[in-house]
Amino acid sequence: MASMQSFWPVSHRDDDFWVCMSCLTEVFYRKVPMPDCPSCHGVSTYEGFTMEAIRDWGTEELIAKAIAAEEEAAAIVQPAAEPAASVEAAD
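In what follows, the accompanying structure is described.

Turning to the pattern of salt bridges, a few remarks are in order. Under the criterion given, the structure shown has three salt bridges. The partner of K65 in a salt bridge is E61, and the shortest N-O contact between them spans 3.7 Å. Here K65 pairs with E61, and both are found in helix α2 (residues 60-90), just four residues apart, close to one helical turn. Residue K65 is classed as partly exposed on the basis of its relative accessible area of 26%.

Dropping the structure here:
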């Protein structure tokens, strides 16, 4: 049975993306997995980057993962904001 991945949230900074510097194949948006990297199992190997920086030096795969991670986070936040908008419209 597959185990559920747990994450540590990382407070908002200019560098929203956290890349595993051991394998350079994992990137996460405003969080890091615990206890280690799911690919290489490196511990405490993350460094923060902006999307622009990842586009400058990242592989196509890493850039695609960063875009997907950001879109996934936006999809989670967006549904929570929509009911508030409809309540305001009803007033």
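Moving on, we get to the nonpolar core. Membership of the largest hydrophobic core is limited to eleven residues, which are F17, V19, V27, Y29, F49, M51, I54, L62, I63, A66 and A69. Looking at this core, the elements with two or more residues in it are β2 (17-20), β3 (27-29), α1 (51-57) and α2. For this core, the leading source of residues is α2, giving four residues. If we skip the residues at most four places from it in the chain, I54 touches F17, V19, V27, F49, L62, I63 and A66. The next biggest cluster of nonpolar side chains, apart from the first, holds six residues, and it includes F28, V32, C37 and Y46.

Let us look at the environment of V10. Tracing the chain through its elements places V10 in the loop between β1 (6-9) and β2. Between the alpha carbons of V10 and Y29 there is a distance of 8.7 Å; along the sequence they are 19 residues apart. With near-sequence residues (within four places) excluded, V10 lies in contact with W18, R30, K31 and V32.

What follows concerns the side chain of D16. Here D16 shows up in the loop between β1 and β2. Every residue in contact with D16, bar those within four places of it in the chain, is listed here: F28, Y29, R30 and F49.

Looking now at unusual backbone geometry. Put simply, M34 and P35 share a cis peptide bond, and its omega is 10 degrees. Position of P35 relative to the elements: it lies in the loop between β4 (31-34) and β5 (46-49). With a phi close to 55 degrees, R30 is a non-glycine residue in the positive phi region. In this structure, R30 sits in the loop between β3 and β4. Within the chain, S44 stands out as a residue other than glycine whose phi angle is a positive 55 degrees. Within the secondary structure layout, S44 lies in the loop between β4 and β5.

Each value, and the rule that gives it
Residues numbered from 1 in each chain as written. Predicted model: local features only at pLDDT ≥ 70, side-chain atom pairs only at ≥ 80, totals over all residues. Heavy atoms only, no water. Salt bridge = Lys/Arg side-chain N within 4 Å of Asp/Glu carboxyl O. Helix = DSSP H or I, 4+ residues; strand = E, 2+ residues; numbered from the N terminus. Buried < 20%, exposed > 50% of the residue type's maximum accessible area, 1.4 Å probe, protein only. Core = buried A, V, L, I, M, F, W, Y, C linked by side-chain atoms within 4.5 Å. Contact = heavy atoms within 4.5 Å.

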